[in-house]
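What follows is the residue order along each chain.
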Amino acid sequence: MTAKVSLGIIGLGTIAQTQHLPNIRDLDDLYWIASVADISPGLVAAIAADLPGDVATSQDWHDVCANPDVDAVLLLTPGGHEVMTEAALVAGKHVFAEKPLCLTVAAATRLNTLARDRGLVLQVGYMKPHESSLAELRRLLDRMGDLRLVRHTVYHPEREPQLAHTSVLSFDDVPGGAHAGAAQHAAERTVEAVGEPPRQWGRLYRDVLQGSLIHTVSLVRLVFGDLPAISGGRFWPAAQFGPDVGFGPDNTDPPSLQVTGMLGDGTRVETNWLWLPGYPVYREMLEIVGTSGSMELCLPPPYVRAQAAELTIRDGDGLRHHGGGTDSAFFHEMVAFHAAIAKGLVLDDARGAAADTAWLQDALQALGAGDGVVLGGEAAGRRR
């Protein structure tokens, strides 16, 4: 019989409600929830009332880390998770941290060492490498011949249409100033990562590169075993890229981005992140083109449950499709987290997060080069 892992969940917002909580319910042979926390007291009460058993509740995330009944902590809050991850590991808890793990290479490296030295699992919430169709994609890579192009494209609409099919609970009861500490920490870590470029570049790094493009980076790295050496970057339209770049209705829309590079075997890689506020649905595709065939992996929107990526293959055997079933990548990553705790093998660890963070810093420099932006911090250190 598989031993159940007791979970403490910190952050009960959109991704918790649309993906993780329903999946944990479906995995009740692997997990039970011992404790939950969120800065919204109304949300904590509503979520806890719908969970089985006697669940400890709090508005202070430290209480989850200190709870002796908790084996593993799920960090599902927005933004970086450096401080919470360190506290949970020091408290002896395994950790699943939604992306981004942190904003600096140094922090990711330190957290990896801490988890290793304490014999704990630290898994980063990169769900896309857990898509069922990826095994078939990897198996068929050699049949594509010499690879000529890898292209990853995200069609990113505004957030609200993506949630139209959901019923996400929220309450207007968050205490004033509750986010101030996290915002200050993010600002300080941004300086450590990329120095002090014009304000919009720091926000681009945090909100777009670390907030969304990081999924592209982790997927390419885990499919090909490496990240491309960056050769260029561009953004458009430049006219709207002002100091208040962001996703919210009160901010200027972010620009669309393209970063190009080459894998070690000479394969060209293009990553395209397109901000399309009026686009009807989130879309994401990974295309692999070789001299003997091609493959397209169409990934599902992030807030849709029970949907997996579909793989389309074109090679000497003709055109065919490979479906990934109805279990989502979010479901599979939670299965993998339990297996990692039981067996110690982590697919998405902090070493990978460190590599991804370094690449994103280099991508920011490539994007800003044509605008005369020179980065400091860790990004500058790698140029010496």
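Here is what the cut-offs are and how they apply
Residues numbered from 1 in each chain as written. Predicted model: local features only at pLDDT ≥ 70, side-chain atom pairs only at ≥ 80, totals over all residues. Heavy atoms only, no water. Axes fitted to C-alpha atoms, helices over the stretch in contact; angles between N-to-C directions. Helix = DSSP H or I, 4+ residues; strand = E, 2+ residues; numbered from the N terminus. Parallel < 35°, antiparallel > 145°, perpendicular 65-115°, else oblique. Contact = heavy atoms within 4.5 Å. Nonpolar A, V, L, I, M, F, W, Y, C, P; charged D, E, K, R; others polar. Buried < 20%, exposed > 50% of the residue type's maximum accessible area, 1.4 Å probe, protein only. Polar contact = N/O pair within 3.5 Å; in protein donor to acceptor, adjacent residues only side chain to side chain. Expected span 1.5 Å × (residues − 1). Pairing = 2+ DSSP bridges. Salt bridge = Lys/Arg side-chain N within 4 Å of Asp/Glu carboxyl O. Core = buried A, V, L, I, M, F, W, Y, C linked by side-chain atoms within 4.5 Å.

Asks: Could you give an account of the packing of helix α5 (residues 105–117) against helix α11 (residues 350–369), naming the residues involved and the relevant values?
Replies: Between two packed helices, what matters for the description is the angle formed by their axes and the separation of those axes. Two numbers describe how α5 lies on α11: the axes approach to 8 Å, and their chain directions differ by 175 degrees. Relative to α11, the element α5 lies roughly antiparallel. From α5, V105, A108, T109 and N112 reach across to α11, where they touch A350, R351, A353, A354, T357, A358 and Q361. Residues that form the contact of α5 with α11 fall into these classes: 6 nonpolar, 4 polar and 1 charged.

Asks: Any details on the side chain of T357? Residues and values, ideally.
Replies: For T357, the position within the fold is in helix α11. The class of T357 is buried, set by a relative accessible area of 1%. In this structure the side chain of T357 is engaged in a polar contact, spanning 2.9 Å, whose partner is the backbone oxygen of A353. Excluding residues that lie within four positions of it along the chain, T357 makes contacts with C102, L103, T104, V105, Y205 and Q210.

Asks: Let's hear about the packing of helix α8 (residues 180–194) against helix α9 (residues 199–224): which residues, and what values?
Replies: At a closest axis distance of 10 Å, the pairing of α8 and α9 adopts a crossing angle of 105 degrees. Compared by their axis directions, α8 and α9 come out roughly perpendicular. Side by side, α8 and α9 meet where A186, A187, T190, A193 and V194 of the first sit next to G202, Y205 and R206 of the second. Among the residues forming the contact of α8 with α9, the class breakdown is 5 nonpolar, 2 polar and 1 charged.

Asks: Please give an account of helix α10 (residues 329–343) that cites residues and values.
Replies: When the terminal C-alpha atoms of α10 are compared, their 20 Å separation across 15 residues agrees well with the 21 Å that a helix rising 1.5 Å per residue should span. Those residues of α10 that sit buried are A329, F330, F331, E333, M334, F337, H338 and A340. Contacts made by the buried residues of α10 are with β1 (5–10), α1 (14–26), β2 (31–37), β4 (72–75), β5 (94–98) and β6 (122–125). G344, located one to two residues past α10, shows a positive phi value of around 85 degrees.

Asks: Can you lay out unusual backbone geometry for me, pointing to particular residues and giving the numbers?
Replies: Look at the link from K99 to P100: it is a cis peptide, with omega at -10 degrees. Relative to the assigned elements, P100 resides in the loop between β5 and α5. Note that the residue after W236, namely P237, is joined by a cis bond; omega there is -10 degrees. Its location among the elements puts P237 in the loop between β8 (229–236) and β9 (256–262). Despite not being glycine, A306 has its phi angle at roughly 55 degrees, a positive value. Within the fold, A306 resides in the loop between β12 (294–299) and β13 (310–315). Overall, the relative accessible area of 47% leaves A306 in the partly exposed class.

Asks: Could you give me a rundown of the sheet that holds strand β7 (residues 147–156), with the residues and numbers involved?
Replies: Taken together, 8 strands build an open sheet; the order of strands is β8-β9-β10-β7-β11-β12-β13-β14 and the sheet is mixed. The two strands at the open ends of the sheet, each matched to only one other strand, are β8 and β14 (318–323). In this sheet, neighbouring strand axes are inclined to one another by 10 degrees on average, regardless of whether the strands run parallel or antiparallel. Pairing geometry for β7 and strand β10 (residues 268–275), over 8 bridges, is parallel. Within β10, the residue paired with H152 across the bridge is T271.

Asks: Could you give an account of the pattern of salt bridges, naming the residues involved and the relevant values?
Replies: Side-chain pairs of opposite charge can arise whenever the charged atoms involved come near each other. By the definition in use, this model includes 19 salt bridges. Among the salt bridges present, the one from R320 reaches D315, with a minimum N-O distance of 2.6 Å. Ionic contacts of the salt-bridge type, sharing partners, join the residues E82, E86, R110, R189 and E192 into one network.

Asks: Before we move on, could you go through the nonpolar core and cite the residues and values that matter?
Replies: Inside soluble globular proteins, nonpolar side chains tend to come together where they are buried. Among the nonpolar cores identified, the biggest contains 58 residues, and L101, L204 and L209 are the most heavily contacted of them. For this core, the element with the most residues is α11, which contributes 9 residues. The contact partners of L209, leaving out residues within four places of it in the chain, are L204, I214, L257, L360, A363, L364 and L367. Counting 34 residues, the second-largest nonpolar core is a separate cluster that includes L12, L51, V55 and A340.

Asks: Quick one: what's the story with the side chain of H152, residue by residue and with numbers?
Replies: Note on placement: H152 falls in strand β7. Residue H152 is classed as buried on the basis of its relative accessible area of 1%. Ignoring anything within four residues of it in the chain, the contact list for H152 reads T216, L219, E270, T271, N272, E284, M285, L286 and L299.

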